[in-house]
Amino acid sequence: MPKTVDDFMRQVAEKNPGETEFHQAVREVAESILPILPRHPDFAQEEILERMTEPERVLMFRVPWLDDSGRIRFNRGFRIQMNSAIGPYKGGLRLDKSVNLSILKFLAFEQVFKNSLTTLPMGGGKGGSDFDPIGKSDREVMRFCQSFMTELSRHIGPDTDVPAGDIGVGAREIGYLFGQFKRVKNAFQGVLTGKGQDWGGSLIRPEATGYGVVYFAGEMLKQIGEGIKGKTCLVSGAGNVAINAARKINQLGGKVISLCDIHGAIYDPAGIDEEKLAWVEELVFKRRGFLDEYPARFKAEFWPQRNVWHIPGAELAFPCATQNELPLASAKELVANGIRLVCEGANMPSVPEAIHLFHESGVLFAPGKAANAGGVAVSGLEMSQNAQHLSWTAQDVEDKLFNIMCSIHRTCVSTAAKYDAPGNYVVGANIAGFLKVARAMLDQGAV
Ligand code: 2IT
């Protein structure tokens, strides 16, 4: 008798009490995988899905640092080494005050399936800290990163675990982390991705997640004989993913009318073109400012403490901010306003009820683990370049990124069709991501 999703989730919840985001991510996968286990009795017999929900290793550590006044501060550091069946652990580091064990386990779990979909040999991991970078000086961020890496350096390596950026970790933080790793290990190694271009980074890595999301949406639209050109788009977020998704939408002839951050949303009906995006990029990453400055510079409306989903007039939506940023009420607004496609740039931005509504309403929907895989895919390409001690041109990397996104899209479509859920990208991504890892786990025995 196959387990029901509720039975399966009861066990997961008992073993991981209170970890609501982790439960949410596991349930979504279990809903896709449990129904297919009768077709793959080995996977059920060997408890593959059950084992996948148990991290191979969880590291939690104290991160002490001195603030600018000389006062001692400390945060909690984490690295979840979730699954190494198909390659070294790979996944970002997040610095945000919301970080806790549940958030990082959900992200690490998602990363396993996402990395499997990229076609590259990468296992899944995630890490970070509840350190809040907002309002911290450069020097404080540096001291934090150095302390964090002093501990993390014992547990990572180019063939073991290769972290990268995520929310709150960009070029600046990767630089400080890399410098400290090199110092304590006396080794110049490709142990992080997202590095600076002068010291082992890959061209297009900063753009990759956002570009990949839009390439994926383009492939979805191609299926119905359409494209990005001429489409009005809602984008949420104002970080690396949102900015570069907006940039690619512009390049492909679409129009972006929104962005948002922790203080609120902007609505710019004329379109957020490349000049405006360059200004936002400088605001966010150089001046460390917020979008409430936008209307003083460009003609736009600013809604304090609102998300972007109530804004009418768009056909495509790209949630590129954070988990659960798109609640059911917002999904209802999107559907009522005639949205036709939702393509996730963030990890798990749509709540399960929102995804359900999109499916019911005939809205094309792509989950983050497929649509935002371009970021980690180009991280994989950065690892290849490091291993070969050479670097590819921007055009080379972008062509490879495009081909990988097309391949992920094809895999989702064909897998969904094969397992009786045609057009369902959630089912396609979950099953395809699962199968490769599951086969590897089966081959490798009880480890
Ligand atoms: O969510 C993600 O895929 C990332 N934060 C990027 C991970 C990576 O290793 O590039």
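Preceding this paragraph is the structure being described.
1. Observations concerning the site of the ligand
- Surveying the vicinity of the ligand reveals 14 residues, the closest of which are Lys-90, Lys-114, Asp-166, Arg-205 and Ser-379.
- Taking Lys-114, its side chain carries an N or O atom lying 2.7 Å from an oxygen atom of the ligand.
- Residue Asp-166 places a side-chain N or O atom 2.9 Å away from a nitrogen atom belonging to the ligand.
- Here the ligand has 300 Å² of accessible area as a free molecule, and 94% of this is covered by the chains.

2. Quick notes on the packing of helix α2 (residues 20–33) against helix α5 (residues 101–117)
- Direction vectors running N to C along α2 and α5 enclose 25 degrees, while the axes themselves pass 6 Å from each other. In terms of orientation, α2 lies roughly parallel with respect to α5. Together, Thr-20, Glu-21, Phe-22, Ala-25, Val-26 and Val-29 of α2 and Ser-102, Ile-103, Lys-105, Phe-106, Phe-109, Glu-110 and Phe-113 of α5 make up the contact between the two elements.
- Grouping the amino acids of the contact of α2 with α5 by side-chain chemistry returns eight nonpolar, two polar and three charged.

3. Brief notes about the sheet that holds strand β6 (residues 232–235)
- Spatially, the five strands line up as an open sheet ordered β7-β6-β11-β12-β13, and their pairing is parallel. Two strands close off the open sheet at either side, each with one partner strand: β7 (255–256) and β13 (364–366).
- Bridge count between strand β11 (residues 316–318) and strand β12 (residues 341–343): two bridges; the pairing is parallel. Bridged to Ala-317 within β12 is Val-342.

4. Observations regarding the pattern of salt bridges
- Taken as a whole, this structure holds 25 salt bridges when the rule is applied.
- Here the salt bridges share partners, and the residues they tie into one network are Glu-226, Lys-231, Glu-315 and Arg-340.

5. Remarks on the layout of surface pockets
- Put simply, the second largest pocket is a space of about 440 Å³.
- When grouped by side-chain class, the residues that make up the lining of the second largest pocket number 10 nonpolar, 12 polar and two charged.

6. Topic: empty space enclosed by the protein
- Tallying each qualifying case throughout the model produces two cavities of 30 Å³ or more.
- Estimated volume of the largest cavity: approximately 50 Å³.
- Lining the largest cavity are Glu-28, Glu-110, Glu-344, Met-348, Ser-350, Ile-355, Pro-367, Gly-368 and Lys-369.
- Grouping the constituent residues of the lining of the largest cavity by class yields three nonpolar, two polar and four charged.
- In this structure, the second largest cavity spans a volume of roughly 30 Å³.

7. Regarding helix α7 (residues 171–185)
- Here α7 spans 21 Å end to end across 15 residues, near enough to the 21 Å set by a 1.5 Å rise per residue.
- Those residues of α7 that are buried lie in contact with β3 (89–95), α6 (138–152) and β5 (161–164).
- Following α7 by one or two positions, Asn-186 has its phi on the positive side, about 50 degrees.

8. Section: the nonpolar core
- Among the nonpolar cores identified, the biggest contains 59 residues, and Phe-216, Leu-259, Phe-318, Cys-343 and Ile-408 are the most heavily contacted of them.
- The element best represented in this core is helix α8 (residues 205–222), accounting for nine residues.
- Excluding residues within four positions of it along the chain, Cys-343 makes contact with Val-213, Phe-216, Ala-217, Met-220, Ala-317, Phe-318, Pro-319, Ala-366 and Ala-371.
- With 42 residues, the next largest nonpolar core counts Phe-22, Ile-86, Phe-113 and Leu-435 among its residues.

9. Observations concerning the packing of aromatic side chains
- In the structure shown here, the tally under the stated rule is 16 aromatic pairs.
- Taking the centre distance of 5.9 Å and the plane angle of 75 degrees together, the rings of Trp-279 and Tyr-294 count as edge-to-face. Of this pair, Trp-279 sits in helix α10 (residues 274–285) while Tyr-294 sits in helix α11 (residues 294–297), and the two are 15 residues apart along the sequence.
- The class of Trp-279 is buried, set by a relative accessible area of 14%.
- Tyr-294 gets classed as buried once you look at its relative accessible area, which sits at 0%.

So, how was this worked out
- Residues numbered from 1 in each chain as written.
- Predicted model: local features only at pLDDT ≥ 70, side-chain atom pairs only at ≥ 80, totals over all residues.
- Heavy atoms only, no water.
- Near = heavy atom within 4 Å.
- Polar contact = N/O pair within 3.5 Å; in protein donor to acceptor, adjacent residues only side chain to side chain.
- Areas by Shrake-Rupley, 256 points an atom, 1.4 Å probe, with all protein chains shown as cover.
- Axes fitted to C-alpha atoms, helices over the stretch in contact; angles between N-to-C directions.
- Helix = DSSP H or I, 4+ residues; strand = E, 2+ residues; numbered from the N terminus.
- Parallel < 35°, antiparallel > 145°, perpendicular 65-115°, else oblique.
- Contact = heavy atoms within 4.5 Å.
- Nonpolar A, V, L, I, M, F, W, Y, C, P; charged D, E, K, R; others polar.
- Pairing = 2+ DSSP bridges.
- Salt bridge = Lys/Arg side-chain N within 4 Å of Asp/Glu carboxyl O.
- 1 Å grid on protein atoms, 1.4 Å probe; cavity = no way out; pocket = protein on both sides within 12 Å on 5 of 7 lines; lining within 4 Å.
- Points joined across faces, edges and corners; volume = space filled by probe spheres on them.
- Expected span 1.5 Å × (residues − 1).
- Core = buried A, V, L, I, M, F, W, Y, C linked by side-chain atoms within 4.5 Å.
- Buried < 20%, exposed > 50% of the residue type's maximum accessible area, 1.4 Å probe, protein only.
- Phe/Tyr/Trp six-rings, centres within 6.5 Å; stacked < 30°, edge-to-face > 60°.

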